[in-house]
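Descriptive analysis of the structure
Now for the letters of each chain:
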Amino acid sequence: MKKHIYRLLFIVPILLSSCSEDRLDLIPEVGDVYDGNLKNEDQMAQVVQGIYPKLGSGSNFGADILIQGELLSDNIFVSNAAGDIAYVNTAAFAWHSGNSPFGQYRGLYEVVQQANLVLNDTNVPINDNVLSLKGEAKIARALAMFYLVQGFSPNPTSGVNQEYGIPIKNDIYDPQKTVGRSTIDEVYDFIIRDLTEGIEGMANSSRQDKIYLSATAGKYLLSKVYLTRGKSGDYQKSIDLVDDILKSSSNFSMIEASGLVNYFTSKEISLLENQPETIFEISQTSISNLGINTHPGQYYTFNASKRRLMMRTSLYNTMNSTKDVRLSLFQTAQAPTVDDPKGVWLKKVPQSTSEGANTANVKVFRMTELLFIKMEALAKLGRKSEALTLLNEFALTRKSSVYKGDDIITDILTEKQKEFIGEGLRFYDLKRNNLPIVKTSNCNGNICEVSANDKLFVFPIPIGELDRAPEMKQYPGW
């Protein structure tokens, strides 16, 4: 039985929230309930604990960030059989600053604010545990900032509008203080510094449960940050971090093909959660969970009340042609006939476990992605033969297609698409590589193709946030 019940101080988040596009935009209350003075180490630990419900909210990694990463790509579509409009506007690119579905702008800055309570404290005496708590808060803040800049700014290797980074907020929340955008370079420097210092601070941490961020999570994120920034030396740094994790992380290891089905679909908590493959996941219990209107399992599972998110048949067919071992994670039966072509259900996000509905933890980051980070970094360094060898070794374990490597980046991303569909990575993979979105079917009369330099790759700042911060500039075109 799971016992992950958060003890919260100062702020109690609402986990049982409604679906993405009608969620309330609430003003943060941090400044109203906390005066900036932590009294002791236990109190600091409780503030760090309060970071996790914020990371796991429906607007953040509990649902929207991961689902948007699929819908804003060629992976997933909203079935025409859907009974309401949840995620319809997202999938159709039918949004602007006045009807933004990107509640993570507020949600992720609430994570930043919570982390800042710890990072700006000077009252609690420094010891190894306090350093570890501050390290954990730095990794959390960097995670939030990384997903903010990935979403609301252009790709750093695009060379376009690099002055449109995101605001850097590193003070305790003050409703009277607002800041404008920093440059993308400045934001990435800030993230890298947080992760580097956070990893060092957490080096002796005993965190074992995957519902918490760890030094390994920090190294994983840093490897991806370097891969995304793409400056001179960054790709080798990314490779070095991946190799370090694979050699030295005793609580983490990549999953074999034979374990995939239980890892994703088992009803038993002991097989489903806190597995060596998992780097970070969002806790869900019978007492505290995202609920029927928000838990991703309600949207992906064929018999759940909110069922509507389906895999495009074209991708399924490429896997079916080789009898890929991952086919067991999908279901063609009971697909709605109103969709042309019919979609395929995913079984990777269980709607329930033996402990009840909406109790399956939401997987966010996996060890297997490290292999793809290394492949991509090798390819970008011109070491294509090494990348191709790793790619084909992995593909053979999944009974996937063997690649020739004529377009090695496309080959790597194609295999990654098969492995990680439903896990929120595809949009960011395409954006990082300055590639277009091409939806092969099921566009329902809406936008099917988005060029790599289109403004749709950069989320608009919600208009309410612009009103509160006069220094902020909207991204060009919005």
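Residues numbered from 1 in each chain as written. Predicted model: local features only at pLDDT ≥ 70, side-chain atom pairs only at ≥ 80, totals over all residues. Heavy atoms only, no water.

For the rest of this paragraph, the subject is the overall build of the chain. The helix and strand tally for the chain stands at 19 helices and 10 strands. Rg of the C-alpha trace for the chain: 21 Å, near the compact-globule value of 23 Å for 478 residues, within the 12% margin. Every one of the 478 residues in the chain was classed for burial, and the buried ones make up 60%. A sequence separation of at least 24 residues applies to 72% of the contacts in the chain between residues at least 6 apart. When the accessible surface of the chain is summed, it comes to about 18,400 Å², and 50% of that surface belongs to carbon and sulfur atoms. Side-chain charges in the chain split into 50 positive and 55 negative, and the spacing between the mean points of these groups amounts to 3 Å. (Helix = DSSP H or I, 4+ residues; strand = E, 2+ residues; numbered from the N terminus. Rg over C-alpha atoms; globule rule 2.2 N^0.38 Å. Buried < 20%, exposed > 50% of the residue type's maximum accessible area, 1.4 Å probe, protein only. Contact = heavy atoms within 4.5 Å. Areas by Shrake-Rupley, 256 points an atom, 1.4 Å probe, with all protein chains shown as cover. Lys, Arg positive; Asp, Glu negative; His and termini not counted. Charge placed at Lys NZ, Arg CZ, Asp CG, Glu CD.)

In this structure, Leu55, Phe61, Met145, Tyr147, Ile191, Leu213 and Phe365 are the most contacted members of the largest nonpolar core, which totals 107 residues. Counting residues per element, this core draws most heavily on helix 7 (residues 128–152), which supplies 14 residues. Leave out the neighbours within four places in its chain, and Phe61 touches Leu55, Leu66, Leu108, Leu143, Tyr147, Ile282, Val362, Val364 and Phe365. Within the second largest apolar cluster, 22 residues are counted, among which are Ile76, Ala91, Tyr316 and Leu327. (Core = buried A, V, L, I, M, F, W, Y, C linked by side-chain atoms within 4.5 Å.)

Moving on: the state of the cysteines. Within this structure, the stated rule accounts for one disulfide. Across a sulfur-sulfur distance of 2.2 Å, Cys443 and Cys448 are joined as a disulfide pair. Of the residues examined, Cys448 reaches a relative accessible area of 30% and is grouped as partly exposed. (Disulfide = S-S within 2.5 Å.)

The subject of this paragraph is the pairing of strand 2 (residues 278–282). Judged by how many residues are buried, strand 2 sits mostly within the fold: five of five residues are covered. In the sheet, strand 2 pairs with strand 8 (residues 362–366) via four bridges, with the strands oriented antiparallel. Looking across to strand 8, one finds that Thr278 is bridged to Arg366. (Pairing = 2+ DSSP bridges.)

Moving on to the packing of helix 6 (residues 104–119) against helix 7. The interhelical angle for the contact between helix 6 and helix 7, taken along N-to-C directions, is 155 degrees, at an axis separation of 9 Å. As judged from the angle between their axes, helix 6 and helix 7 are roughly antiparallel. Regarding helix 6 and helix 7, the two cross each other, and that crossing is left-handed. Within the contact between the two elements, helix 6 uses Gln104, Tyr105, Leu108, Tyr109, Val111, Val112, Ala115, Asn116, Val118 and Leu119 and helix 7 uses Leu133, Lys134, Ala137, Lys138, Ala140, Arg141, Ala144, Met145, Tyr147, Leu148 and Phe152. Here the residues of the contact of helix 6 with helix 7 sort into 16 nonpolar, two polar and three charged. (Axes fitted to C-alpha atoms, helices over the stretch in contact; angles between N-to-C directions. Parallel < 35°, antiparallel > 145°, perpendicular 65-115°, else oblique. Left-handed = near helix turned anticlockwise from the far one by under 90°. Nonpolar A, V, L, I, M, F, W, Y, C, P; charged D, E, K, R; others polar.)

Inspection of the secondary structure puts Pro53 in helix 3 (residues 51–55). Considered as a pair, Pro53 and Asn170 are 117 residues apart in the sequence and their alpha carbons are 20 Å apart.

Let us look at the packing of aromatic side chains. In this structure the tally under the stated criterion is 28 aromatic pairs. With a centroid separation of 4.9 Å and 85 degrees between ring planes, the pair formed by Phe61 and Tyr147 is classed as edge-to-face. Taken together, the residues span a long stretch of sequence, with Phe61 in the loop between helix 3 and helix 4 (64–71) and Tyr147 in helix 7 at a distance of 86 residues. Each member of the pair, Phe61 as well as Tyr147, carries the same accessibility label: buried. The interplanar angle of 85 degrees and the centroid separation of 6.4 Å between the aromatic rings of Phe102 and Phe152 together place this pair among those described as edge-to-face. With a gap of 50 residues between them, Phe102 in the loop between helix 5 (88–91) and helix 6 and Phe152 in helix 7 connect regions that are remote in the sequence. (Phe/Tyr/Trp six-rings, centres within 6.5 Å; stacked < 30°, edge-to-face > 60°.)

Once that is clear, we can look at helix 16 (residues 384–397). Each turn of an α-helix holds 3.6 residues, which means side chains three or four residues apart point in the same direction. When the terminal C-alpha atoms of helix 16 are compared, their 20 Å separation across 14 residues agrees well with the 20 Å that a helix rising 1.5 Å per residue should span. Within helix 16, burial applies to Ala387, Leu388, Leu390, Leu391, Asn392, Phe394 and Ala395. On the buried face of helix 16, the contacting elements are helix 15 (368–380) and helix 17 (408–420). Lys399 sits one or two positions beyond helix 16 and adopts a positive phi of about 60 degrees. (Expected span 1.5 Å × (residues − 1).)

With their axes 10 Å apart at the nearest point, helix 9 (residues 215–229) and helix 15 run at an angle of 25 degrees to one another. Here helix 9 is positioned roughly parallel relative to helix 15, judged by the angle of their axes. Viewed along their axes, helix 9 and helix 15 form a crossing whose handedness is left-handed. Along the contact surface, helix 9 presents Tyr220, Ser223, Lys224 and Leu227, while helix 15 presents Glu369, Leu370, Ile373, Glu376 and Ala377. Of the residues assigned to the contact of helix 9 with helix 15, the class counts are five nonpolar, one polar and three charged.

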